[in-house]
Amino acid sequence: EAAVTQSPRNKVAVTGGKVTLSCNQTNNHNNMYWYRQDTGHGLRLIHYSYGAGSTEKGDIPDGYKASRPSQENFSLILELATPSQTSVYFCASGTGGGAEQFFGPGTRLTVL
Amino acid sequence: GDQVEQSPSALSLHEGTGSALRCNFTTTMRAVQWFQQNSRGSLINLFYLASGTKENGRLKSTFNSKESYSTLHIRDAQLEDSGTYFCAAEARYAQGLTFGLGTRVSVFP
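All figures in this text were calculated on a predicted structure; none of them were measured in a lab.

1. Describing the pattern of salt bridges
Enumeration according to the criterion identifies 5 salt bridges over all chains in this entry. The salt bridge involving Arg44 of chain A is made with Asp38 of chain A; its shortest N-O contact spans 3.0 Å. Arg30 of chain B is the partner of Glu90 of chain B in a salt bridge, and the nearest nitrogen-oxygen pair spans 3.3 Å. Taken together, the residues Glu90 of chain B in strand E9 (residues 83-91) and Arg30 of chain B in strand E4 (residues 29-37) connect sequence positions 60 residues apart. Since its relative accessible area comes to 26%, Arg30 of chain B is described here as partly exposed. A single network of salt bridges, built from pairs that share partners, joins Arg36, Asp38 and Arg44 of chain A.

Structural data, given as structure tokens:
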């Protein structure tokens, strides 16, 4: 069974603060992804990774950085959080090339 | 532009009835996934199709890559089928899934 976990599950941050969202997968998948979900937009791709040390920009990367220190871990970093980044963030893993992706439970981030 | 057009945006069903959800794609997609988002917000994988038709219990999904659409059929709807359903697909030469805007399904007794 695919296993993708995220932490924290809920986070309240202040404008201008730094936020790090963490994702861990035990599937040994090469590819990992970060999406955000907003009403009216569905889920949109922020950053993705092909493996340890790799980070690539997705469709909406502005204001976000990513880090992939190992096969299992992929972090999303908001250096200077803004209220527009209030959203629900999902991490996913997969083998790439159009293969199935498996999602974590999501992190609800509120930036005040 | 939008690559995944999902319809309808909302659907009400009485228990025991059925209906279909549809996603149209404006570009060639390698595969499609269907998810149910439950009341806790978790995305539950329902189907992954690179082509053809799959069935799982009361749910059936088809992906026609040549005509660029996918459908999800719900039959004999139950209360636990309520939730928001998303289709998502990965375009050829792209990385990551492009999601539809979802269909909110409400099942009534």
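2. So, the sheet that holds strand E3 (residues 19-25) of chain B
Residues and elements named next belong to chain B. The 5 strands are arranged E1-E3-E8-E7-E6 in an open sheet whose pairing can be described as antiparallel. In this open sheet, the two edge strands, each paired with only one partner strand, are strand E1 (4-7) and strand E6 (52-56). Going across the sheet, the axis of each strand differs from the next one's by a mean of 15°, ignoring polarity. Relative to strand E7 (residues 59-64), E6 runs antiparallel, the two being bridged by 5 bridges. Note that in E7 the partner of Thr53 across the bridge is Thr62.

3. Points about the environment of Leu59 of chain B
Residues and elements named next belong to chain B. Of note, Leu59 is situated in strand E7. As a C-alpha pair, Leu59 and Phe47 span 12 residues in sequence and 9.2 Å in three-dimensional space. Each residue touching Leu59, except ones within four places of it in the same chain, is listed here: Leu46, Phe47, Lys54, Leu72, His73 and Ile74.

Criteria and cut-off values
- The residue numbering used here restarts from 1 in each chain and proceeds along that chain's sequence as written.
- Both sets of labels track the order of writing: A upward for chains, 1 upward for ligands.
- Selection of residues for local features in this predicted model requires a pLDDT of at least 70, selection of side-chain atom pairs for listing and counting requires 80 or more, and totals for whole chains, interfaces and linings are taken over all residues.
- Hydrogens and waters are ignored; side-chain quantities use all the structure's heavy atoms.
- Should a side-chain nitrogen of Lys or Arg be within 4 Å of a carboxyl oxygen of Asp or Glu, the pair is scored as a salt bridge.
- The secondary structure listing takes helices from DSSP runs of H or I that are at least 4 residues long and strands from runs of E that are at least 2 residues long, numbered from the N terminus.
- When a residue's accessible area, from a 1.4 Å probe over protein chains only, is under 20% of the maximum for its type it is buried; when over 50% it is exposed; and in between it is partly exposed.
- In this analysis, strands are considered paired if DSSP registers two or more bridges between them.
- Fitting a line to C-alpha atoms yields each axis, with helices limited to the stretch in contact; the angle taken between N-to-C directions then spans 0 to 180 degrees.
- What makes two residues a contact is simply this: any of their non-hydrogen atoms within 4.5 Å.

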